[in-house]
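Chain and residue survey
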Amino acid sequence: MTILISCEMGGDRVPPWLVRQPMPPGRILDLGFAEDSGIIETADATEAPVVTEAPVVTEASVAGSAVLEIPLITGASDCENRPELCSSKFVPGQLPSRLPGDASARYVARRMAALLQSPLIENKYAAALVDVTRSSRHRSVMPPEVRRWPTEDRDRLIQEVHAGYRNRVRSAIEQHSRRHGFTLHVSVRSFASLSEGRQRRTDIGLLYDPSREDEMAFCLDWIDEMYESAPMIRVRRNYPRRGTTESLVTAMRTHFSAEHYIGVELLLNRAWAGRRVGLRDQAIEGICRSLDQVLDFQSADAA
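Residues numbered from 1 in each chain as written. Predicted model: local features only at pLDDT ≥ 70, side-chain atom pairs only at ≥ 80, totals over all residues. Heavy atoms only, no water.

Turning our attention to the pattern of salt bridges. Following the criterion strictly, the structure yields 11 salt bridges and no others. With a closest N to O distance of 3.7 Å, D131 and R134 form a salt bridge. Classification of R134 by relative accessible area gives partly exposed; the value is 25%. Connected through shared salt-bridge partners, R111, D281 and E285 make up one network. (Salt bridge = Lys/Arg side-chain N within 4 Å of Asp/Glu carboxyl O. Buried < 20%, exposed > 50% of the residue type's maximum accessible area, 1.4 Å probe, protein only.)

This part is about helix α2 (residues 103-116). The terminal C-alpha atoms of α2 lie 20 Å apart, and with 14 residues this matches the ideal 20 Å at 1.5 Å per residue to within 8%. Across the 14 residues of α2, 11 count as buried, placing the element largely inside the fold. Every buried residue of α2 is listed here: S104, A105, R106, Y107, V108, A109, R111, M112, A113, A114 and L116. A positive phi of about 55° marks Q117, the residue just after α2. (Helix = DSSP H or I, 4+ residues; strand = E, 2+ residues; numbered from the N terminus. Expected span 1.5 Å × (residues − 1).)

Within strand β1 (residues 2-7), 6 of the 6 residues are buried, which leaves the element mostly enclosed by the surrounding structure. Along β1, one buried face is formed by T2, L4 and S6 and the opposite face, lined by I3, I5 and C7, is buried too. In the sheet, β1 pairs with strand β4 (residues 183-191) via 5 bridges, with the strands oriented parallel. Looking across to β4, one finds that L4 is bridged to H185. (Pairing = 2+ DSSP bridges.)

Attention shifts here to the side chain of S229. Checked against the element boundaries, S229 lands in helix α5 (residues 213-229). Excluding residues within four positions of it along the chain, S229 makes contact with G286, R289, S290 and Q293. (Contact = heavy atoms within 4.5 Å.)

Turning our attention to the packing of aromatic side chains. The geometry of an aromatic ring pair comes down to the distance between the two centres and the angle between the two planes. Overall, the coordinates contain 3 aromatic pairs when judged by the stated rule. Between the aromatic rings of F90 and W149, the centroid separation amounts to 6.2 Å while the plane-to-plane angle is 35°, which identifies the pairing as tilted. Placement of F90 in the loop between α1 (76-81) and α2 and of W149 in the loop between α3 (144-147) and α4 (151-180) is noted, with a sequence separation of 59 residues between them. Exposure remark for F90: the relative accessible area of 4% places this residue in the buried category. Between R236 and the ring centre of Y239, over which it is positioned, the NZ or CZ distance is 3.8 Å. R280 extends its terminal NZ or CZ atom over the ring of Y107, reaching a point 3.8 Å from the ring centre. (Phe/Tyr/Trp six-rings, centres within 6.5 Å; stacked < 30°, edge-to-face > 60°. Lys NZ or Arg CZ within 6 Å of the ring centre and 35° of its normal.)

Attention now moves to the packing of α4 against helix α6 (residues 248-255). Any two packed helices are characterised by how steeply their axes cross, that is the angle between the axes, and by the distance between the axes. Viewed as axis vectors pointing N to C, α4 and α6 meet at an angle of 50°, and their least axial separation amounts to 11 Å. Taken together, the axes of α4 and α6 lie oblique to each other. By crossing handedness, the relation of α4 to α6 is classed as right-handed. Where α4 approaches α6, its residues Y165, R166, V169, R170 and I173 are matched on the opposing element by L248, A251, M252 and H255. (Axes fitted to C-alpha atoms, helices over the stretch in contact; angles between N-to-C directions. Parallel < 35°, antiparallel > 145°, perpendicular 65-115°, else oblique. Left-handed = near helix turned anticlockwise from the far one by under 90°.)

What follows is the structure in structure tokens.
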């Protein structure tokens, strides 16, 4: 079995053809864009981004700490709640080179890929433009302002960003499954600790499809090991939403059978995943250690 990690909402870039072009005389426009494949092969844990200036904390529970929420846009619904970032000026050719992204998920996904020495596929573009976790036909695949754009601009976003990213993920799963026979796909995202005025009381949500027996058994084993390896975090199953709710993982399940694919969504409470403290890295290390242990047990049983 091979592990593939993906991060759908961490991107903050804007395609160059949408970035505003006028610039003051004598200045060079920084598009903030670099050509890359979107696939990061990580071979050494030392390559992971490390926070050096943050103090180490010793709270018994990460979720119980007071935190400052990181503002970000993670899709169309958030764009409706953040009008200052999705105003009438949110039009093609007038956008900044970067928009808020899920920095918490991006950090954790990169750290996990380094520690597990697993490939990581990242969506580098901001979800404020198009949500790659939604179907291209879903009403919320684009925020209201983008839905008002000319058809050619919207179609280009779908083809270049939405379809482009999904095709990369699907191709990577196919390649790994052919090579190793089986792929464990972990999709990393974060969620706000407050939703509609209510506190979400968990640190990690592990989402899976209960109708897939191997997937459910794997997640139950992973949760058990997480309690041992990362006792500072609280884990809940299929929370804060169901594992069958539309996402990239549910889309991949329609392409790959349970015999060759396990898709798991790892949802992280931003109350701890967004904090630059030593305990965050300890929690990530515990998550990875527990995942390694589950895979070791399964390999031993198979033998």
